[in-house]
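One letter stands for each residue in the lines below.
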Amino acid sequence: MFIRLSVVALLSLLSSCAYLNQDNWTAQDYYREAKDLIESGNYSIALDHLNKMHTIFPYGIYTEYAWLEKAYAYQKSEDPSSAQIEINEFLRNYPYHEHADYALFMLAYTEETKIKDFIHLYLNHPSKNHTKPMSLAIERYQRLIQRYPESKYSNYARKSIPA
């Protein structure tokens with residue numbers, strides 16, 4: 001039992017040393033590590049990697065995709081406002097990117113998330129009900145459908161707009 005625990009502790013120590021030694025990391029290394037961290041639910045560490053990558057490597061293909069990964073990580077961390085900031089930056093920098101449809105979808109989806117928060121707020125404090133997130137979500141879904149009618153995200157958008 002002791003040997004097993006020692007091996008686990010040693011492996012943990014070695015992996016943390018590799019994590020700390022990022023001096024020679026490329027943009028690809030940061031991006032891949034962040035993707036792995038997102039997949040395992042470690043959103044805050046993934047965001048740290050992506051932010052560091054943006055600082056060290058402000059341009060390049062991995063930097064482009066990092067905006068979307070950051071938005072996703074913020075959304076999964078229940079921070080839709082930060083997700084929207086990342087998405088808006090991505091769309092400002094890459095308005096015709098091959099994944100602009102996904103960015104528009106995420107922009108609307110984050111508003112939809114806010115609606116759920118407002119429903120909770122409404123149930124607890126009816127006098128503070130706001131409809132702005134709902135109208136923004138609908139407007140953004142409509143923009144997605146208009147610009148990318150054949151996108152797989154447009155199907156979700158069509159279902160999300162009330163008839």
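Parameters and conventions
- Residues numbered from 1 in each chain as written.
- Predicted model: local features only at pLDDT ≥ 70, side-chain atom pairs only at ≥ 80, totals over all residues.
- Heavy atoms only, no water.
- Helix = DSSP H or I, 4+ residues; strand = E, 2+ residues; numbered from the N terminus.
- Buried < 20%, exposed > 50% of the residue type's maximum accessible area, 1.4 Å probe, protein only.
- Areas by Shrake-Rupley, 256 points an atom, 1.4 Å probe, with all protein chains shown as cover.
- Axes fitted to C-alpha atoms, helices over the stretch in contact; angles between N-to-C directions.
- Parallel < 35°, antiparallel > 145°, perpendicular 65-115°, else oblique.
- Left-handed = near helix turned anticlockwise from the far one by under 90°.
- Contact = heavy atoms within 4.5 Å.
- Nonpolar A, V, L, I, M, F, W, Y, C, P; charged D, E, K, R; others polar.
- Core = buried A, V, L, I, M, F, W, Y, C linked by side-chain atoms within 4.5 Å.
- pLDDT = per-residue confidence, 0-100.

**Student:** Tell me about the overall build of the protein, and please be specific about residues and values.
**Tutor:** When helices and strands are tallied, the protein shows eight helices and zero strands. Written out in order from the N terminus, the α and β elements of the protein read α-α-α-α-α-α-α-α. When each of the 163 residues of the protein is scored for burial, the buried share is 38%. Counting every atom, the protein has about 10,400 Å² of accessible surface; 56% of that belongs to carbon and sulfur.

**Student:** Outline the packing of helix α3 (residues 43-56) against helix α4 (residues 61-76), listing residues and values.
**Tutor:** Where α3 contacts α4, the axes come no closer than 10 Å and their chain directions differ by 155°. Our classification of the angle between α3 and α4 gives roughly antiparallel. The element α3 and its partner α4 pack so that their crossing is left-handed. In this structure, α3 contributes Y43, L47, L50, N51, M53 and H54 to the contact, and α4 contributes Y62, T63, A66, W67, E69, K70, A73, Y74 and K76. Looking at the contact of α3 with α4 residue by residue, the class counts come to nine nonpolar, three polar and three charged.

**Student:** Can you break down the environment of K114 residue by residue, with the values?
**Tutor:** With respect to the helices and strands, the residue K114 is situated in helix α6 (residues 100-124). In the structure, K114 is positioned 36 residues away from E78 in sequence and 9.6 Å away in space, judged by C-alpha atoms. If near-sequence neighbours (up to four positions away) are discounted, K114 is found in contact with P80, S81, Q84 and P133.

**Student:** How would you sum up the environment of Q28? Please name residues and give values.
**Tutor:** The topology assignment puts Q28 in helix α2 (residues 27-39). The class for Q28 is partly exposed, based on a relative accessible area of 26%. Once the C-alpha coordinates of Q28 and G60 are considered, the two residues, 32 residues apart in sequence, prove to be 9.9 Å apart.

**Student:** Please give an account of the nonpolar core that cites residues and values.
**Tutor:** Core analysis: the biggest nonpolar cluster contains 37 residues, and I87, F90, L91 and F105 have the highest contact counts within it. Of all the secondary structure elements, the ones that give two or more residues to this core are α2, α3, α4, α5 (80-93), α6, α7 (132-147) and α8 (152-160). Top element by residues in this core is α6. It accounts for eight residues. Ignoring sequence-local partners within four residues, the contact set of L91 consists of A100, A103, L104, L107 and R143.

**Student:** Explain the environment of A83 to me, using residue names and the numbers behind them.
**Tutor:** In this structure, A83 sits in helix α5. On the basis of relative accessibility, which here comes to 0%, the residue A83 falls in the buried class. Filtering out sequence-adjacent residues up to four positions away, A83 remains in contact with A71, Y74, Q75 and T110.

**Student:** An account of the packing of α4 against α5 is requested, with residue identities and associated values reported.
**Tutor:** Two numbers describe how α4 lies on α5: the axes approach to 7 Å, and their chain directions differ by 165°. As judged from the angle between their axes, α4 and α5 are roughly antiparallel. Like other packed secondary-structure pairs, α4 and α5 cross with a definite hand, here left-handed. Between α4 and α5, the residues in contact are E64, W67, L68, K70, A71, Y74 and Q75 and P80, S82, A83, E86, I87, E89, F90 and N93, respectively.

**Student:** Got a sec to walk through the confidence of the model for the protein? Specific residues and values, please.
**Tutor:** Per-residue confidence for the protein gives a mean pLDDT of 83, with 77% of residues at or over 70. Considering only residues more than four positions removed or in separate chains, one finds that residues 5-18, a stretch of pLDDT under 50, has one contact.

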